[in-house]
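# A structural walkthrough
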Amino acid sequence: MSISLENIQSLNELRLYIHKTLCEKENLLEEQFSMSEMALRRRGRSCGLQFSINGPRSVRLGAIWASDSNMVYFYDAGGERYAKVHLPNRVFVPEEESEEAA
């Protein structure tokens, strides 16, 4: 399933896009590697999400979605940022879901 940036409007669509993008970076099979997520908070308020994939041979890939700027920052196995993507549409995060991730 291909997700274009213009179609990302929900948290699930954002998750799918990030998972696919991270797996493509290291040629990982999407169905074999799950992604974890952690809420990011600033001054007690949710400000984004951090996503991680642990691949083979201690490969760890990550992405951070900054909700205030609606940007996604992608990091490779060496911890270097390799991409910065601005999402054209706001991502809808249900209130109860943002609290659960915390």
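The present account deals with the structure reproduced in this document. (Residues numbered from 1 in each chain as written. Predicted model: local features only at pLDDT ≥ 70, side-chain atom pairs only at ≥ 80, totals over all residues. Heavy atoms only, no water.)

### Comments concerning the pairing of strand β2 (residues 45-54)
Inclusion rule: DSSP calls a pair of strands paired once it identifies at least 2 bridges connecting them. What counts as a helix is a DSSP run of H or I of at least four residues, what counts as a strand is a run of E of at least two, and both are numbered from the N terminus.
Bridge count between strand β1 (residues 35-42) and β2: 8 bridges; the pairing is antiparallel. What sits directly across from S36, in β2, is S52. Joining the antiparallel neighbours β1 and β2 is a turn of 2 residues, in which R43 adopts a positive phi near 55°. Where β2 lies against strand β3 (residues 60-66), 7 bridges are found, and the strand directions are antiparallel. The partner of Q50 across the bridge, within β3, is I64. Where β2 hands over to β3, the hairpin turn is made up of 5 residues, of which R57 adopts a positive phi near 55°.

### Quick notes on the packing of aromatic side chains
Put simply, the rule is: Ring geometry is summarised as follows: Phe, Tyr and Trp rings, the Trp one being its six-membered ring, pair when their centres sit within 6.5 Å, and such pairs are stacked at plane angles under 30 degrees, edge-to-face over 60 and tilted between the two.
Summed over all chains, the structure comprises 2 aromatic pairs. Relative to F74, the ring of Y17 has its centre 6.1 Å away and its plane inclined at 75°; by these criteria the two rings are edge-to-face. Taken as a pair, Y17 in helix α1 (residues 11-25) and F74 in strand β4 (residues 71-75) lie far apart in primary sequence, 57 residues in all. Relative to Y82, the ring of F74 lies with its centre 6.0 Å away and its plane at 40°, an arrangement referred to as tilted.

Distances and angles like these do not, on their own, reveal function.
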